Amino acid sequence: MCTGQTVWPLWCSEWPDLPRKNCWSIAEWAGETSPDGMQHLLGRARWDADPVRDDVRAYVLEHLRDEDAVLVVDETGDVKKGTHTVAVQRRYTGTAGRIENAQVAVYLVDAGGGGHAAVDRELYIPRSWTCDPDRCRAAGLGEDTVFAPEPELAARMIGRFLDAAHRVDWVAGDEVYGGNPKLRSAREERGADYVLAVACSAEVTTGAGKFRADALAAKVPRRAWPKLPAGAGAKGHRFYDRPVIDPAEPRPGSHGLLVRRNRTTGELAYYRCFSPAPAPLATLVRVAGSRWRVEGTFQGGKGLAGLDEHQLRRFTSWSRWVTLAMLAHAFLAVVRADEHTRHPAPDALIPLTCNEIQRLFTMLVVQPVHDVAHRRCWSAWRRRHEARAQASHYRRQAASQT
């Protein structure tokens, strides 16, 4: 039976004195006598993570959503060791900046003016797994698990969002999602506006035929590159030149190609845009600029709630850990937004951040157990566990040599 003390740490976010967050370290910090309760919660207890995910989504939308909110889809990789962690595979991951053994998941983030938090998640299962039923079965994946690329996972999450009767004004994403025609068509069929990045080589259909995005941008007159802000960054407001090209597509709705030019380097970026009715250029620019907030969500989810620090092999345990980490980060984001609204910071202070709220919450609400007897108890538990593991290793080694 899981105690409330066992469940609570997963709601709490990061603790300053925990270099790693796993069942052992969290259980010891929270005062449990062993990690059994925490491991039971994540692996063997009878509860479904998906309804909890739906509750997290409703919680975020109730407290953070506003008229400027944008749904952002993006994937992130978590570096893992070994080959048994569910869906792990060697691939390039931006988290490490190189090819690593990593587990990749796609997230749906609700980014409003008051804050941003993840509202859904889907684990990316590589072909190397879906082609190996025994491996999938060992990791707790269903017999019918089939390969689905990241854009299909994104479409699945956006569909769940719409099926739950939530309003979607705009969806944003990078080239992985903007370059997928099926995802764009699915959004258009359901009337969901989008601003999705595409590669310079992306073909755009116009009244005069198909053209590459960069070829269309080259035809824009010099006087037709308005300077518009993309929102505040770390060093102040960001300004880019932003023309939008109307391809005059025959399909229903308003289609466009938004181009962004860096005023310093001249670097260009391209976005496919759609809305049932024509949208102002300023709105398209705002939506495109909202995509950066997903990076803040990943940074906060991993740094404050241990989103990536699980050491779990099975899919059920992954779903539960990630969902509870999403809830922990959403809690911090909601408290931050509420504090900004109710208690604006004086001029001499910056507004409260999620990091500072986490520190205050840890010091004022959570009471860790650090007495000597508790520490000695855990030292003995670890040594017993290591002795059993060592004995098991020796038995396997002896059996292999006979």
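Summarised in this report is the structure supplied together with it. Keep in mind that what you see is a predicted model, and the values were worked out from it rather than measured.

### Here's the deal with the packing of helix α4 (residues 49-64) against helix α13 (residues 315-342)
Running from amino to carboxyl end, α4 crosses α13 at an angle of 15°, the nearest separation of the two axes being 10 Å. The angle between α4 and α13 places the two elements in the roughly parallel class. Viewed along their axes, α4 and α13 form a crossing whose handedness is left-handed. Between α4 and α13, the residues in contact are A49, V52, R53, V56, Y59, V60, H63 and L64 and S319, R320, T323, M326, L327, A330, F331, A333, V334 and A337, respectively. For the contact of α4 with α13, the residue count by class is 13 nonpolar, three polar and two charged.

### Quick notes on the pattern of salt bridges
Taken as a whole and judged by the stated rule, the model has 25 salt bridges. Where R53 meets D50, a salt bridge forms, and the shortest distance between an N and an O atom there is 3.5 Å. In this pair, R53 and D50 are both assigned in helix α4, three residues apart and thus about one turn of the helix distant. For D50, a relative accessible area of 31% corresponds to the partly exposed category. Salt-bridge contacts for R359 lead to E356; the nearest nitrogen and oxygen are separated by 3.1 Å. One end of the pair, R359, and the other, E356, are both in helix α14 (residues 354-364), three residues apart, so they sit about a helical turn from each other. Residue classification places E356 among the partly exposed positions, given a relative accessible area of 29%. Residues joined by salt bridges that share partners form a network here, namely D50, R53, D54, R57, D120, R121, E122, E152, R156 and R160.

### Here we look at the packing of helix α3 (residues 36-44) against α13
Following both chains from N to C, one finds α3 and α13 inclined at 110°, their axes separated by 7 Å at the closest point. As far as their axial angle goes, α13 and α3 are roughly perpendicular. Here H40, L41, L42, G43 and R44 of α3 lie close against α13, whose contacting residues are T316, S317, R320, W321 and L324. For the contact of α3 with α13, the per-class residue count stands at four nonpolar, four polar and two charged.

### A few points about the environment of A87
Mapped onto the elements of the fold, A87 is located in the loop between β1 (70-79) and β2 (89-93). Counting along the chain gives 17 residues from A87 to V104, while the straight-line C-alpha distance between them is 7.7 Å. Among residues more than four places away in sequence, those in contact with A87 are A102, Q103, L123, Y124, I125, P126 and W129.

Cut-offs applied
- Residues numbered from 1 in each chain as written.
- Predicted model: local features only at pLDDT ≥ 70, side-chain atom pairs only at ≥ 80, totals over all residues.
- Heavy atoms only, no water.
- Axes fitted to C-alpha atoms, helices over the stretch in contact; angles between N-to-C directions.
- Helix = DSSP H or I, 4+ residues; strand = E, 2+ residues; numbered from the N terminus.
- Parallel < 35°, antiparallel > 145°, perpendicular 65-115°, else oblique.
- Left-handed = near helix turned anticlockwise from the far one by under 90°.
- Contact = heavy atoms within 4.5 Å.
- Nonpolar A, V, L, I, M, F, W, Y, C, P; charged D, E, K, R; others polar.
- Salt bridge = Lys/Arg side-chain N within 4 Å of Asp/Glu carboxyl O.
- Buried < 20%, exposed > 50% of the residue type's maximum accessible area, 1.4 Å probe, protein only.

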